[in-house]
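Read off the chains here:
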Amino acid sequence: MASARTVLVRNIGLLATPEGGAPLRGAAQGAVRRRRDASVLLVGGVVAGVAEGGEIPRHPPDVAASGVEEIDAGGRLATPGLVDAHTHLVFAGFRQHEVPLRLRGASYGEILAAGGGILSTVAATRAASEDALFERAVGFVREMAGHGVVLVEAKSGYGLDAATEEKQLRVVRRLASEPGLGVGLVPTFLGAHAVPPEYAGRADAYVDLVCREMLPRIAAAGLAEACDVFCERGAFTPAQSRRVLAAAAALGLRTKVHADELEESGGSALAAEIGAASAEHLVATGDAALDGMARAGTVAVLLPGTSLYLDRPFARAREMVARGVPVAIATDFNPGSCPSPDLELCMTLGYVKYRLSPEEILVAVTLNAACALGRGATHGSVEPGKSGGVVLWDAEDLETLAYRMGSRLALRTIR
Ligand code: NIG
Ligand code: FE
């Protein structure tokens, strides 16, 4: 303990953070504690004390005052490290050639049905070496870290065969232990992302493969913590999705659903029924399914960058808050529907398109996002015992952070 790096961040103009380890919802979606003239003491990356009004947290007895590194926050805003709870981080190639097709009127679903879309990234990812995938993903994670992100969920789903899905998840594991990257990774198996070409017209047979072979191997190797499924017309039906998630739950994985991205598909109702940790996208979700999610405590992970990029409607975030569904916001970073890893931009979209308040947005990208990933105990707030870091922003308040669209305001992350 005595050798653990001890850091005192002082002269924080405003420390804004949610509190606790459980998702915040309804009126509490915007429950942010504000401390003026604050300071935070971190020992070995864990918050040891927080003070305000110019006070300094008392050092633990075994920490010599001389061994404390001081960081002057210059009167700026500080928040918890951000959490990106939904990304498709590991892939080869980009899909820039799809944009002109979409601008000429082809829909996301039509491009996929014609063998492009996700399936073209599958072909590229199958062909790529593990090292090449790793090198690219490192670059993306660095970009995310530059936006104040400390924890990233990363899905497989561009393999659609056991070997490639495992290759993607091994890359996620390598990223998690890459020295100097300083970003945590949460691996999710998304084998049911699309029906692979070799199973065209035989989706149920592919679901059998996912349930009987891929999931048990991946769970046994500890390569994933959670299992996701793309429940949508053209991908998997609610019945197929239910089979995949039941098999995953039986193996001890958390469950989540890509639900109602293009039309209401039954995915959000399924998520509520099985008590999934989260349901994601939710652009087309009706009130009954929202009420079910509120009862189940399922976190809504909203992806405004995807609505923007696909020129689609934005999720009804205000209605979700009103109905007591805990809301998180994430990037959905992927080569098709959202080629941007910028969670700061998503915060601004949350402000002007979801009409969430700056406080509700902060909770959506910190505590609620952490809870969707099963990390509420360690991430999402600046409180004693938590290890999710502190971000210093080139801003004085949360309003500015939400307002400055497209600027990179994250100055420094202390972990
Ligand atoms: O969340 N909808 C499914 N998956 C991704 C897109 C993946 C892709 O287009 O490559 C999404 O939008
Ligand atoms: Fe996605």
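Residues numbered from 1 in each chain as written. Chains lettered and ligands numbered in written order. Predicted model: local features only at pLDDT ≥ 70, side-chain atom pairs only at ≥ 80, totals over all residues. Heavy atoms only, no water.

A. Structural detail: the domain arrangement of the protein. Examined at the domain level, the protein breaks down into domain 1 (6-81 + 381-414) and domain 2 (82-372). The interface is formed by 36 residues belonging to domain 1 together with 31 residues belonging to domain 2. Summed over both sides, the interface of domain 1 with domain 2 buries roughly 2500 Å², with 66% coming from carbon and sulfur. Broken down residue by residue, the surface that domain 1 buries against domain 2 is led by R25, Q29 and A402, which jointly contribute 26%. Run the count over domain 1 and domain 2 and you get one salt bridge. There are eleven residue pairs in polar contact (both at pLDDT 80 or more) connecting domain 1 and domain 2. Among the secondary structure elements, those contributing two or more residues to the side of domain 1 that touches domain 2 are β1 (6-17), β5 (77-80), β14 (390-393), α15 (398-403) and β15 (410-414). For the side of domain 1 that touches domain 2, the leading source of residues is α15, giving five residues. Its residues assigned to classes, the side of domain 1 that touches domain 2 shows 17 nonpolar, twelve polar and seven charged. (Domains from an automatic or database assignment. Contact = heavy atoms within 4.5 Å. Buried area = accessible area lost by both parts, 1.4 Å probe. Salt bridge = Lys/Arg side-chain N within 4 Å of Asp/Glu carboxyl O. Polar contact = N/O pair within 3.5 Å; in protein donor to acceptor, adjacent residues only side chain to side chain. Helix = DSSP H or I, 4+ residues; strand = E, 2+ residues; numbered from the N terminus. Nonpolar A, V, L, I, M, F, W, Y, C, P; charged D, E, K, R; others polar.)

B. View of the site of ligand 1. Within the structure, ligand 1 sits among 15 residues, and Y108, Y158, H193, E261 and S337 are positioned closest to it. In isolation ligand 1 offers 320 Å² of accessible surface; the protein chains occlude 100% of this area. Comparing atom positions with the cavity grids shows ligand 1 to sit within the largest cavity. Class assignment of the residues belonging to the shell around ligand 1 gives a composition of four nonpolar, eight polar and three charged. (Near = heavy atom within 4 Å. Areas by Shrake-Rupley, 256 points an atom, 1.4 Å probe, with all protein chains shown as cover. 1 Å grid on protein atoms, 1.4 Å probe; cavity = no way out; pocket = protein on both sides within 12 Å on 5 of 7 lines; lining within 4 Å. Sits in = over half its atoms within 2 Å of the grid points.)

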